[in-house]
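A structural walkthrough
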Amino acid sequence: MISYANIHDMNSKHRKTLEAIFFQPVNGNIEWRKIESLFLALGAMRTERSGSAVSFVLHGARADFHRPHPDKAALRYRVKDARRFLEIAGVTP
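Residues numbered from 1 in each chain as written. Predicted model: local features only at pLDDT ≥ 70, side-chain atom pairs only at ≥ 80, totals over all residues. Heavy atoms only, no water.

**Section: helix 3 (residues 32-41)**
The condition that has to hold: Each residue's exposure class comes from its accessible area (1.4 Å probe, protein chains only) as a fraction of the maximum for that residue type: buried when under 20%, exposed when over 50%, partly exposed otherwise. Helix and strand definitions here come from DSSP, where helices need a minimum of 4 consecutive H or I residues and strands a minimum of 2 consecutive E residues; each element is numbered from the N-terminal end. The arc in question is the one traced by the directions running from the helix axis out to the C-beta atoms.
Within the span of helix 3, buried status applies to W32, I35, E36, L38 and F39. Down the axis of helix 3, the buried side of the element spans an arc of 155°, and every buried residue falls inside it. Remark: G43 follows helix 3 within two positions and exhibits a positive phi of approximately 105°.

**A word on the pairing of strand 2 (residues 45-48)**
Definition in use: Strand pairing requires that DSSP identify at least two bridges connecting the strands.
Pairing between strand 2 and strand 3 (residues 53-58): 4 bridges, direction antiparallel. Within the sheet, the bridge partner assigned to M45 lies in strand 3 and is V57. Between strand 2 and strand 3, which pair antiparallel and follow one another directly, the connecting turn spans 4 residues, one of which, G51, has a positive phi of 60°.

**Observations concerning the packing of helix 2 (residues 12-22) against helix 4 (residues 76-88)**
Heads up, the condition is: In this analysis, axes come from line fits to C-alpha atoms, helices being fitted only over the stretch in contact, and the angle between any two N-to-C directions falls in the range 0 to 180 degrees. An angle below 35 degrees is read as roughly parallel, one above 145 as roughly antiparallel, one from 65 to 115 as roughly perpendicular, and any other as oblique. Note on contacts: a residue pair is in contact if any heavy atoms of the two residues lie within 4.5 Å.
The interhelical angle for the contact between helix 2 and helix 4, taken along N-to-C directions, is 110°, at an axis separation of 9 Å. Taken together, the axis directions place helix 2 and helix 4 in an arrangement best described as roughly perpendicular. Residues L18, I21 and F22 of helix 2 lie in contact with helix 4, whose contacting residues are V79, A82, R83, L86 and E87.

**As for the sheet that holds strand 4 (residues 61-66)**
Spatially, the 3 strands line up as an open sheet ordered 2-3-4, and their pairing is antiparallel. The open sheet has two free edges, formed respectively by strand 2 and strand 4, since each of these has just one partner strand. Averaged over all neighbouring strand pairs, the angle between strand axes comes to 20°, with direction disregarded. Sheet contacts for helix 3: strand 2, strand 3 and strand 4; angle to strand 3, the most-contacted strand, approximately 30°. Helix 4 contacts strand 3 and strand 4 of the sheet and is inclined by roughly 165° relative to strand 4.

**Points about the packing of aromatic side chains**
Note on aromatic pairs: each is described by the distance of the centres and the angle between the planes. Where we set the bar: Here the aromatic set is Phe, Tyr and Trp, taking the six-membered ring for Trp, and pairing holds for ring centres within 6.5 Å; pairs whose planes are under 30 degrees apart are stacked, those over 60 apart are edge-to-face, and all others are tilted.
Inspection of every chain in the model, using the stated rule, returns 7 aromatic pairs. Ring plane angle 50° and centroid distance 5.0 Å describe the contact between W32 and F65, whose orientation is recorded as tilted. Of this pair, W32 sits in helix 3 while F65 sits in strand 4; the two residues are 33 residues apart in sequence, bridging distant segments of the chain. By the burial criterion, W32 is buried, and F65 matches it. Where F39 meets F65, the ring centres are 5.8 Å apart and the plane angle is 35°; that geometry is what we call tilted. Here the residue F39 occupies a position in helix 3, and F65 occupies one in strand 4, the gap between them amounting to 26 residues. Like F39, the residue F65 is buried in the burial classification.

Following this line, the structure appears as structure tokens:
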């Protein structure tokens, strides 16, 4: 689990992405690469799968995603899935 202090030790870009993921109403205009960067900064392990599929494991939680294409922005359902993954892994702003 990540502590409150660790979240504030993240760089400002990762902190802003974390806050954007948890913002209400859900923002469907976050670049997917920023979400992936946040996962990796938190210590997630990434596994590339076939096509646009990618898996992440963080603190024992696993999530599977399909990278958006041709657009760069994660749609609302991907942001909700990213939020759920972070919550299960014990990461909240």
